[in-house]
Amino acid sequence: METSVATELRLGLPGRDRSEAKIISVSNKRSSSEMDDSCDPQQESVVPAQKAQVVGWPPVRSYRKNILQKKAESSSDGSAMFVKVSMDGAPYLRKIDLKFYTNYLDLLKALQSMFKCTIGVYSEREGYDGSEFAPTYEDKDGDWMLVGDVPWEMFVTSCKRMRIMKGSEARGLGCL
Amino acid sequence: MCLFQSVMNYFPEEVLEHVFDFLTSHRDRNAVSLVCKSWYSVEKFSRKKVFIGNCYAVNPERLIARFPRLRSLILKGKPHFADFNLVPHDWGGHVYPWIEAMAKSRINLEELRLKRMVVSDESLKLLAKSFPNFKSLVLVSCEGFTTNGLAAIASNCKFLRELDLQENEVDDRKGHWLSCFPESCTSLVSLNFACLKGEVNAAALERLVARCRNLRSLRLNHALPLEVLQKILVQAPQLNDLGTGSFTHDPNSETFIKLKNAVKNCHSIRSLSGFLDVNGRCLPAVYPICANLTALNLSYAPGIFSNELTKLIRHCKKIERLWILDTIGDKGLGVVANTCKELQELRVFPSDLYGVGNAAVTEEGLVAISAGCPKLNSILYFCQQMTNAALITVAKNCPNFIRFRLCTLNPIVPDAATNQPLDEGFGAIVQSCKGLTRLSVSGQLTDQVFLYIGMYAEQLEMLSIAFAGDSDKGMLYVLNGCKKLKKLEIRDSPFGNMALLSDMGKYETMRSLWMSSCQVTLGACKTLAEKMPRLNVEIISENEGGAGEVEARLDDRDRVEKMYLYRTLVGPRTDAPDFVRTL
């Protein structure tokens, strides 16, 4: 009977039985993390789940969660992140704010519109092969990388400047 | 009795009515209507404002019969935990039947305030067309409508004074709802559309602001850039309450300089919010108005660093209500404690729900605030860790708490210094704060904390419990001790049938009880429902395909995942979806 178990005296950490209830209520993505059933009350606090994996905890409204999610996706620090963008053959450079965009698609659309060029579709194997232009960037190590290889957040934090290369030149970067 | 009656009869009803006009509190008016038949009658016909804390406790017909001359209605729908995704979509809380009934009975509705309700475009359209004197619509944490519904309100409510949308889920159809305010509309006093995601016509907004000379409160959404804000402030320097839209621009630009000048002219702003998408370097533009601010909400701006926050806050000596993110850090809270001596309400929200960074506050920040802010009476504090010692100190420093909500990011974290449960800390809070009406507990907690709550929290009306307690005793302490308890919500705690059934009559003195992921069984819920016909006991299954089937196979001995019970005058509701079963 549940009630007699619930009132039974025990030496374990409080909440031993709660683990069962908790797992039922948690989303499927969470890996089962049974509470440590050691009898030592000085045990390090058990962590039931990683943050944001217990349904409805911490208790914030979806409206607020959405705002934070947008921010988490787009940046790790708050201020704008202007980077220089050059295009082969253009007389002057432009600057764009990387924090303004949340994904590669929006960024490439903006670049194409700004420079009146076509960049084409990214593929992991071929890069932008076949396109007139290919977007590249200089990362923190000083290396010139093809835009699109790494996850968006990683790109934003490591991109120092960008260069839109002529497709013919970019072919060397694209085929590895 | 006879003498009293005849003395009372000296007063014509108009006099009684005039006297009752001074009674604004619902409780007072309810008490007055119990005195005698003639007072009941006068009060009934003079009642203009009605508050219904649970829309399923009564129905529209009874409301209209009871208060036929009502003008202002407040309705609340879904249980509080619906805000945190614990209640399946489509559970209920529809406002349409209320609007329909009031329209049919020609109620002269002027104000409608809804919280956690489902508001369809259809209901907004009906509202807009049915009440010629409609003045004020406030929607908080609602859903179900689109900007088309807003367009109907804007177009048809000729005397609209207030349209206030707070944290709603709105389907933005990118229509021109704002442009639907006719040129003849000059009555707006308050307009808040900060939660809308889509663009609005900036020119239409500027014209609207220019012609509504009584506009006092304006909260813009994210889509409006700084340029628009600047133009609006030039048109409306009389604003009391401003919500900026996006607040990011090149600080060296002419637009920004114009904005700074416009802000300087806004001598009446007392409340500031927004900063949805902000560049910290733009914040100094608001420094000139900080000295007079009494309310500041920076909790939608995760991009502001702690030092930028504190620089801003140092200018805000008169702040009474402050909502911020935990990016402020403990040190930043120290600055608040030193600067904001008028602080009454503080809310510190979590900025990091997805594990991207490490920003958080600890018990240090809370202690600093309690020591520095003698007028503090309401707190919501999301923190990384807490200690009993800190809570005991806070209790000593601030015996005036009315609302105390603590939320540890790890729901069962123990005392960070001693590894003990946080029972003693919360115990100190309830013992010291004799006026406490609302409490949320978290962290590792045993039955002991509930013993303290039952013993000391005499004024407690609302209690939120999550992942706490060891046994039924915990819940019993609360049910037996807290005489004024109205709302009890419990999740993931080992309370079961014995606690649920020990004092069934108690639930008729309360508005509602929520229990999810606890130990109550279907059989016990059935027993309760049978014995207490004036309660609706709802069993809520997950809203998935075939939920009806799964739930039908539940045995009386099986645990119930979600139970929501509430007192009601009108029996089981007729609009319950498949996955809700009223026993």
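Here the structure is a predicted model, which means the values were calculated and not measured.

A. How the structure looks around the overall build of chain A. The helix and strand tally for chain A stands at six helices and five strands. Shown N-terminal to C-terminal, the secondary structure of chain A runs as helices and strands in the order α-α-α-β-β-α-β-β-α-β-α. Counting only residues that meet the buried cut, chain A has 40% of its 176 residues in that class. Sequence-distant contacts, at least 24 apart, represent 47% of the contacts inside chain A between residues at least 6 apart. Accessible surface computed for chain A: about 10100 Å², of which carbon and sulfur atoms make up 53%.

B. Examining the overall build of chain B more closely. Helices and strands together make up the secondary structure of chain B, namely 22 helices and 23 strands. Its C-alpha atoms give chain B principal-axis dimensions of about 70 × 65 × 60 Å. Taking all 583 residues of chain B together, 59% fall into the buried category. In the structure as shown, chain B presents an accessible area of about 23100 Å², 52% of it carried by carbon and sulfur atoms. Seen as two clouds, the 69 positive and the 62 negative side-chain charges of chain B have centres 7 Å apart.

C. Examining the state of the cysteines more closely. All chains considered together, the criterion is met by zero disulfides over all chains. Unpaired in terms of disulfides, A:C117 finds its nearest cysteine sulfur in A:C159, a separation of 16 Å. Taking relative accessible area as the criterion, A:C117 reaches 8% and is therefore assigned buried. Unpaired in terms of disulfides, B:C290 finds its nearest cysteine sulfur in B:C316, a separation of 3.7 Å.

D. Just the sheet that holds strand β1 (residues 82-87) of chain A, in detail. Residues and elements named next belong to chain A. Spatially, the five strands line up as an open sheet ordered β2-β1-β5-β3-β4, and their pairing is mixed. Only two strands of the sheet have a single neighbouring strand rather than two, namely β2 (94-97) and β4 (144-146). Neighbouring strand axes in the sheet, compared pairwise and without regard to direction, differ in orientation by 35 degrees on average. Examined bridge by bridge, β1 and β2 share four bridges and lie antiparallel to one another. What sits directly across from V83, in β2, is I96.

E. Just the UniProt feature "domain: F-box" (unreviewed entry) in chain B, in detail. With numbering matched to this structure, UniProt assigns "domain: F-box" (unreviewed entry) to residues 11-52 of chain B. In residues 11-52 of chain B, helix accounts for 62% and strand for 10%; the two terminal C-alpha atoms are 31 Å from one another.

F. Spatial organisation of the nonpolar core. Residues B:L73, B:F404, B:I453 and B:L500 are the most contacted members of the largest nonpolar core, which totals 185 residues. In this structure, B:I453 is in contact with B:V430, B:L439, B:V441, B:L460, B:L463, B:V478 and B:C482, ignoring residues within four places of it in sequence. A:M87, A:Y104, A:Y128 and A:W152 belong to the second largest nonpolar core, which has 25 residues in total.

G. Spotlight on a negative patch on the surface. Negative charge collects at one region of the surface, where B:E13, B:E14, B:E17 and B:D21 lie side by side. Mapped onto the secondary structure, B:E13 falls in helix α2 (residues 13-21).

H. Spatial organisation of unusual backbone geometry. A cis amide bond, omega -5 degrees, links A:W57 with the succeeding residue A:P58. Note that A:P58 resides in the loop between α2 (18-25) and α3 (62-74). Phi at B:N85 is positive, roughly 65 degrees, even though this residue is not glycine. Its place among the elements puts B:N85 in the loop between β2 (72-76) and α6 (96-104). In this structure B:N85 comes out as partly exposed when scored by relative accessible area, which is 45%.

I. The arrangement of a nonpolar patch on the surface in detail. Residues and elements named next belong to chain B. Together, F11, V15 and V19 line one region of the surface with nonpolar side chains, adding up to about 240 Å² of accessible area. Its location among the elements puts V19 in helix α2. Classification of V19 as partly exposed rests on a relative accessible area of 45%.

J. Main features of the packing of aromatic side chains. All names here are of chain B. Within this structure, the stated rule accounts for 22 aromatic pairs over all chains. With a centroid separation of 6.2 Å and an interplanar angle of 50 degrees, the aromatic rings of F81 and F84 are classed as tilted. Of the two residues examined, F81 and F84, each falls in the buried class. With centroids separated by 6.2 Å and ring planes inclined at 85 degrees, the aromatic side chains of F81 and W514 adopt a geometry described as edge-to-face. One end of the pair, F81, is in the loop between β2 and α6; the other, W514, is in strand β20 (residues 512-516), and 433 residues separate them in sequence.

K. Broad picture of the packing of helix α17 (residues 423-432) of chain B against helix α18 (residues 447-456) of chain B. All names here are of chain B. α18 packs onto α17 with a crossing angle of 5 degrees between their chain directions and a minimal axis gap of 8 Å. Taken together, α17 and α18 sit at an angle that is classed as roughly parallel. Contacts between α17 and α18 involve D423, E424, F426, G427, V430 and Q431 on the former and, on the latter, Q448, V449, Y452, I453 and Y456. Residues belonging to the contact of α17 with α18 are distributed by class as follows: six nonpolar, three polar and two charged.

Quick notes on the rules
- Residues numbered from 1 in each chain as written.
- Chains lettered and ligands numbered in written order.
- Predicted model: local features only at pLDDT ≥ 70, side-chain atom pairs only at ≥ 80, totals over all residues.
- Heavy atoms only, no water.
- Helix = DSSP H or I, 4+ residues; strand = E, 2+ residues; numbered from the N terminus.
- Buried < 20%, exposed > 50% of the residue type's maximum accessible area, 1.4 Å probe, protein only.
- Contact = heavy atoms within 4.5 Å.
- Areas by Shrake-Rupley, 256 points an atom, 1.4 Å probe, with all protein chains shown as cover.
- Lys, Arg positive; Asp, Glu negative; His and termini not counted.
- Charge placed at Lys NZ, Arg CZ, Asp CG, Glu CD.
- Disulfide = S-S within 2.5 Å.
- Pairing = 2+ DSSP bridges.
- Axes fitted to C-alpha atoms, helices over the stretch in contact; angles between N-to-C directions.
- UniProt positions renumbered as here; feature names shortened; annotations may be inferred.
- Core = buried A, V, L, I, M, F, W, Y, C linked by side-chain atoms within 4.5 Å.
- Patch = residues over 30% accessible without salt bridge, like charges linked within 9 Å, V, L, I, M, F, W, Y side chains within 5 Å.
- Salt bridge = Lys/Arg side-chain N within 4 Å of Asp/Glu carboxyl O.
- Phe/Tyr/Trp six-rings, centres within 6.5 Å; stacked < 30°, edge-to-face > 60°.
- Parallel < 35°, antiparallel > 145°, perpendicular 65-115°, else oblique.
- Nonpolar A, V, L, I, M, F, W, Y, C, P; charged D, E, K, R; others polar.

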